[in-house]
Every structure is written in structure tokens, then in C-alpha cells.
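# Descriptive analysis of the structure
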Amino acid sequence: MPDYMFLLESRLSPEQRNALQVMAEIARAEALNIYLTGGAVRDLICGAAIRDLDITVEGNPARIVRELEKHGGRTLEENERLRHYEVLLPGGVEGSVSAAREEVYERPGAKPETRWSTIIEDLRRRDFSLNAIAISLNLASRGLLLDPTNGLADLEKREVRALSMHSFTNKPVRLLRSLRFAVRMTFKLEARTADWFALAKERKLHETLEGEEVGSELMQLGREENPIAILKEWAKHGLIGAIHPRLEKRAPDYESLARLLKVREAMAGAGYRTSLWAPVLYYVLGRLKGRERSSALHRLEFRTKAIERITGLESEAEKIIKMLKGRKTGAPRETYAYLETAPLEMLAFIQTEYSQPKALGKIKNFLYKWKPLRQTLPVAELEMLGVARGPQFDKIIEAFFQLQLEGRARNPQDRVPALRKLAGIKEPKKPKPPKEEPKAKGKAAKTGKAAEGAPAEAAKTAAAPAGKPGKAAAPVKQPEKVVQAPVKKPEKTAVKTKPAPKKKAAPKKNKRR
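Residues numbered from 1 in each chain as written. Predicted model: local features only at pLDDT ≥ 70, side-chain atom pairs only at ≥ 80, totals over all residues. Heavy atoms only, no water.

### Re the overall build of the chain
The cut-off we apply is this: Helix and strand assignments come from DSSP, with helices taken as H or I runs of at least 4 residues and strands as E runs of at least 2, each series counted from the N terminus. Exposed residues in this analysis have more than 50% of their type's maximum accessible area, buried residues have under 20%, and partly exposed residues fall in between, with area computed by a 1.4 Å probe over protein chains only. Whether two residues are in contact is decided by their heavy atoms, any of which lying within 4.5 Å being enough. Surface accessibility follows the Shrake-Rupley procedure with a 1.4 Å probe radius. Residue values consider only the protein chains on display as shielding.
The helix and strand tally for the chain stands at 27 helices and 11 strands. Sorting the 513 residues of the chain into buried and exposed places 40% on the buried side. Nonlocal contacts in the chain, meaning residues at least 24 apart in sequence, comprise 64% of its contacts between residues at least 6 apart. When the accessible surface of the chain is summed, it comes to about 30,200 Å², and 53% of that surface belongs to carbon and sulfur atoms.

Below, the structure is given as C-alpha cells:
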């Protein structure tokens, strides 16, 4: 059995771990039990990227949401009927908070009656077993896995299994959802689930899909890693018409979607993570006419802000391009200041849709050159120079960044001198060279020349006593005496060595004895 506490600590990002800690502390103060549920647990176990955190509360989550806002969270959407809140948790983490509930159907396909329940009943009423897993975040049972429908076994078998034979009848939108999960996780439909899927198709339940449910599923498509494969799988099973009937003949703009995904991949490689659901949906409906696109978004019950965000992509992109081509963004610092306020999804859309070399060049410089420079500013070097943190410190760092935008002070050896100049710190004085060094070099040169001209004198000076170094320089002035000296020495040494053989007469004395 895996260590789910270890998974919580190792697989979540620091921001996500902090958000869960804040949630757990708020729930403990409010005496509520909370659990990490749904897709977050599924992705945690499977090793997939965890995009958002789904929290289920046994009780009313409104109290937790109010406290979250005091800790820096923000409510994005609210469904009072289901007690479901889409929130932005502290640290910019996306997530949701909902009450544990069960759904009771009077008959298959009827609208359910909602009842507030425990976490176990909440897991059992879900769509598929892989989404019916939870991990406790409570102090007494933190890390405890709850799996009442044996979803772990289905994850190991890599299958999508519906929890009821009436699953597609009660909610036909699960036809789209089951294929989305299968494509995303490279799973297959479990045998009985595949039979129930085919039966629902025969009964034409896909023609009864409600616009709001399809719109919600389309929003989830916009956040998928591979929306093209999901769209093609929907088209393969005759479900693409649920978005708009014309899409059965006019396929989505797959080529533009592929370009958008390449741009997203490049941006992700540079550390930029942003939701591109609006450009994705723009290209899903891209082959439709303007009125058809607008009517489809209204039929799918998108909110007004979402509709304006999708339909206004072109006009917003043209404004940005016009600004980038104008004089107001002529200098790098002006371009950087302007693009820093532009949404990342707009920059991705412009790179996908338009071919304006000047504007695209500035966008790429901003994303892949200037922003990385911002992350490597010499804060530590400035502190080592003795500048204390404060407004002046920030001003110097900002001025240094402006220099780098202009192409200066980018080499490591130029960083500290530039910081000194900006901070008004004088360069340290270089130590003066010692005065004796030139004289020593002159003497060495003279002695070297003397040694080349008179090798015999070099031998004489080597044999001289160490205590009289001055005598070596005297023969240089009188080269004639220096030449005569080594000639006489061999004669003296030869005379002294002759008496040596006389000592061998010792054996004659022995004979006399």
C-alpha cells in the first residue's frame, strides 16, 4: 500500500501543500471534516500533473470559503443549490470546495433529489470509480485513503468503469466525459461500461444532452493537454454534434489547434503555465460563422464574460500588435513594461494566429530573454557590496535590469562594476607595484649577459664562499683577469695530487718486521 502521506508531501507543489495546510487549519477551527477528492487524488496516485485541488466537506463549506477569503483566497463561481464553490486558493492554486452529498433518483433519467451526506455516500454517487477516491486531511486520520468502489483496482487495470448501469441514463453527458478520461489517461472502457455506452447510443441519449452540461464539458476540454485527440474521439463516436450540429461536417480547426499546442509547450518549457481554454474553444468553433459561433456559446450557457473573452480574442490581439508596432514600444524597457500587463493567453494566441515579425519578435524577446533576466538579478552581489534592503536597494536593482534590457552588464565580470556605479560606490584602489621589481630585473639581465660571455667565471663564482657575493661582479669589469684565473687552477691541483702513490710503500715495512 503506498504511503499517501508521502505522496501528499512529495507530489504537490509548495503552493498546493500550503493551500491544503491552510484549508486543514480552517476546517479544524470550524470543527468540520475535509477530504481531498476526485481528480486530484486520481492524478496523485497515477503520477499525472495535479492541476487543481478538489475539496469535499462534511457540512456546509460556506464557512470555510469565507475564512479562505481572509487568508488570500478568492471565490470565482458559486452554486448555492449544490453548495459548490470554484475558488482560487492562497498562492494562486486553482481548486473547488463542495459539500458531501448523495443523489437519489426516483427513476432512471429523472432529476435527482440532493441530500447532504457523509464522504462515503458522496464517493458512491460519483460517475466513475477512478473519481470515487478520497484522502483524509483531518488531524486524526490525515493520509487515510477512502476507496469504497475499488477505484484503485481500475487504475491498475487502466480502465474507466461506470458505477451504475444507469450511469449514462441518469446523466448522458457522461458519454462525453468517459471518452475524455479514456483519451487523457490512455485507458479503455471497462467491458460492462462499454456495453452500457453502446446501449445509451442506441437509445440516442446523446441527443438529449443539456447545453449547460455540454458547455461545462467543453470548458474542461479547454484545459486538457491533448484536446485534439479528445475531439477526434468524440467525432468518431458521433458526439461532436452535441457542441454544434455543423461541426459534424465542418470539423474543428485542428491545424490551428496544433500550432497553439506547440506554442503552449514552448511556453511551458520556459516556466509559463496558463490556462488557454479561450483560444482552444475559439479554434473548436473556428470553422463556424460568426453568428453560429455566438449562438452555440449562448446555447451552451456560457457566462457573458466567458463569451466576450472568446469572441473578443481577435480584437484584443490586434490592439496589442498595433501597440507593439508603434513608437510607444520602441525601446526594450517600454516594450517590457507594456507586455508585462498583457495576459499570457493573448501572447500565446498572437503567436499562433498572426505572422507579424516585428510584434512576434518583441513577444519572444519578452518571454524567452527579458523575463529570464528578471529572475537572475544580482541581489546577493548588491548585498555583498554593503547596500541594505529598502527603497534604494530596489531602485538600484531596477536600474540594473534596465541596463540589461539595453544589452549592457550581461557578462558576469561586468555585473559588480555596474552595481558599484549605480550605488555610488567607488572602485577600490589597485595596489601599486613594488619599486624594487624593476631594479631586480636589471641586475638579473646584467648577470645573465656576463654568464653568457664568460662561462669559466660562472664556475668560479659557484665555487666561491657564500659569504662573499660581491666578488662575482668585480671580474665582469676586468674580463682579462677572469680568463687567466681558471688556467692556473688546474696546474695547482695537478701538482697536489702527485704524492698520492707514495703511500703505497706500506707493505715493505711489513716485510722488515
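### Focus on helix H22 (residues 412–423)
Going by this rule: A helix is expected to span 1.5 Å multiplied by its residue count minus one.
For H22, which comprises 12 residues, the first-to-last C-alpha distance of 18 Å matches the rise-based estimate of 16 Å (1.5 Å per residue) to within 8%. Residues of H22 that are buried make contact with helix H20 (379–384) and helix H21 (391–405). Two residues or fewer past H22, Gly424 is found with a positive phi of approximately 75 degrees.

### Digging into the packing of aromatic side chains
Which entries qualify depends on this criterion: Each Phe, Tyr or Trp ring, with Trp reduced to its six-membered ring, pairs with another whose centre is within 6.5 Å; inter-plane angles below 30 degrees give stacked pairs, above 60 give edge-to-face pairs, and intermediate values give tilted ones.
Evaluated as defined, the whole model comprises eight aromatic pairs. Geometrically, the ring pair formed by Phe168 and Phe197 is edge-to-face, given 5.8 Å between the ring centres and 90 degrees between the ring planes. Remark: Phe197 occurs in helix H9 (residues 191–202) and Phe168 occurs in helix H7 (residues 167–170); sequence separation between them is 29 residues. Relative accessible area serves as the criterion here: at 1%, Phe168 is assigned to the buried category. With 5.3 Å between their ring centres and 55 degrees between their planes, Tyr336 and Phe366 make a pair best called tilted.

### So, the side chain of His244
Position of His244 relative to the elements: it lies in the loop between helix H11 (227–236) and helix H12 (254–269). Those residues within four positions of His244 in sequence are excluded, and the remaining contacts are Leu288, Glu292, Ser295, Ala296 and Arg299.

### Topic: the confidence of the model for the chain
Test applied: Summary of the metric used: pLDDT quantifies the predictor's per-residue confidence within the range 0 to 100.
Of all residues in the chain, 83% have pLDDT values of 70 or greater, and the mean over the chain is 85. Segment residues 454–498: pLDDT under 50, and nine contacts once partners within four positions in sequence are set aside and those in other chains are kept. Overall, residues 500–513 carries pLDDT values under 50, and its contacts beyond four positions in sequence, including any with other chains, amount to zero contacts.

### Regarding the nonpolar core
How we decide: Throughout this description, the term nonpolar core refers to a set of buried Ala, Val, Leu, Ile, Met, Phe, Trp, Tyr and Cys residues connected via side-chain atoms within 4.5 Å.
Of all hydrophobic cores here, the largest spans 121 residues; its most connected members are Trp234 and Ile243. Residues within four places of Ile243 in sequence aside, it is in contact with Val214, Leu218, Leu231, Trp234, Val284, Leu285, Ala296, Arg299 and Leu300. In terms of nonpolar packing, the next biggest core, distinct from the first, is built from six residues, Tyr35, Ile119, Leu123 and Ala132 among them.

### A closer look at unusual backbone geometry
Positive phi is not limited to glycine here, since Arg83 has a value of about 55 degrees. Turning to its location among the elements, Arg83 is positioned in the loop between strand S3 (74–79) and strand S4 (84–89). Owing to a relative accessible area of 23%, Arg83 belongs among the partly exposed residues under this scheme. At Thr186, a position not held by glycine, the phi torsion is positive, near 55 degrees.

### What about the pattern of salt bridges?
Opposite charge on two side chains makes pairing possible when the charged atoms of those side chains draw close. So the rule is basically this: Think of a salt bridge as a Lys or Arg side-chain nitrogen and an Asp or Glu carboxyl oxygen that are within 4 Å of each other.
In the structure shown here, the tally under the stated rule is 29 salt bridges. As a salt-bridge pair, Arg223 and Asp52 come within 3.2 Å of each other at their nearest N and O atoms. Placement of Arg223 in the loop between helix H10 (211–221) and H11 and of Asp52 in the loop between helix H3 (39–46) and strand S2 (53–58) is noted, with a sequence separation of 171 residues between them. A salt bridge links Glu292 to Arg246; the nearest nitrogen and oxygen atoms lie 2.7 Å apart. Separated by 46 residues along the polypeptide, Glu292 in helix H14 (residues 290–299) and Arg246 in the loop between H11 and H12 bring together distant segments of the chain. According to the relative accessible area criterion, Arg246 is partly exposed, its value standing at 39%.

### Thoughts on the pairing of strand S1 (residues 33–37)
Keep this limit in mind: Strand pairing is assigned whenever DSSP identifies at least 2 bridges connecting the two strands.
Burial within S1 is extensive, with four of its five residues counted as buried. As paired strands, S1 and S2 are joined by five bridges and run antiparallel to one another. Bridge pairing links Leu36 to Ile55 in S2. Here S1 runs beside strand S8 (residues 134–136); their pairing, made up of three bridges, is antiparallel. Looking across to S8, one finds that Thr37 is bridged to Ala134.

### A short note on helix H8 (residues 174–185)
Taking 1.5 Å per residue as the helical rise, H8 with its 12 residues ought to reach 16 Å, and the 16 Å between its terminal C-alpha atoms agrees with that figure. Most of H8 is tucked away: nine of the 12 residues are buried. All buried positions along H8 are accounted for by Arg174, Leu175, Leu176, Ser178, Leu179, Arg180, Phe181, Ala182 and Met185. Thr186 lies just past H8 and shows a positive phi near 55 degrees.

### Considerations on the pairing of S3
Bridge count between S3 and S4: five bridges; the pairing is antiparallel. Across the sheet, Asn79 pairs through a bridge with His84, a residue of S4. Two successive antiparallel strands, S3 and S4, enclose a turn made up of four residues, where Arg83 displays a positive phi of approximately 55 degrees.

### Re the sheet that holds S4
Here we have seven strands laid out as an open sheet, ordered S3-S4-S5-S2-S1-S8-S9, and mixed in their pairing. At either margin of the open sheet sits one strand with a lone partner, and together these are S3 and strand S9 (145–146). Here S8 pairs with S9 via two bridges, running antiparallel. Counted as the bridge partner of Ala134 is Leu146 from S9.

### Observations regarding the packing of H8 against H11
Our working definition: Axes here refer to lines fitted to C-alpha atoms; in helices the fit is confined to the stretch in contact. Angles between the N-to-C directions go from 0 to 180 degrees. Here is the rule for angles: anything less than 35 degrees is roughly parallel, anything more than 145 is roughly antiparallel, 65 through 115 is roughly perpendicular, and the remaining ranges are oblique. Here is the rule for handedness: rotate from the far helix to the near one, and if that takes an anticlockwise turn smaller than a right angle the crossing is left-handed, while a clockwise turn gives right-handed.
Between H8 and H11, the shortest axis-to-axis distance is 9 Å and the interhelical angle comes to 135 degrees. Comparing the axis directions of H8 and H11 gives the class oblique. Seen along the crossing, H8 lies across H11 with a hand that is right-handed. Along the contact surface, H8 presents Leu176, Leu179, Arg180 and Val183, while H11 presents Ala229, Ile230, Glu233 and Trp234.

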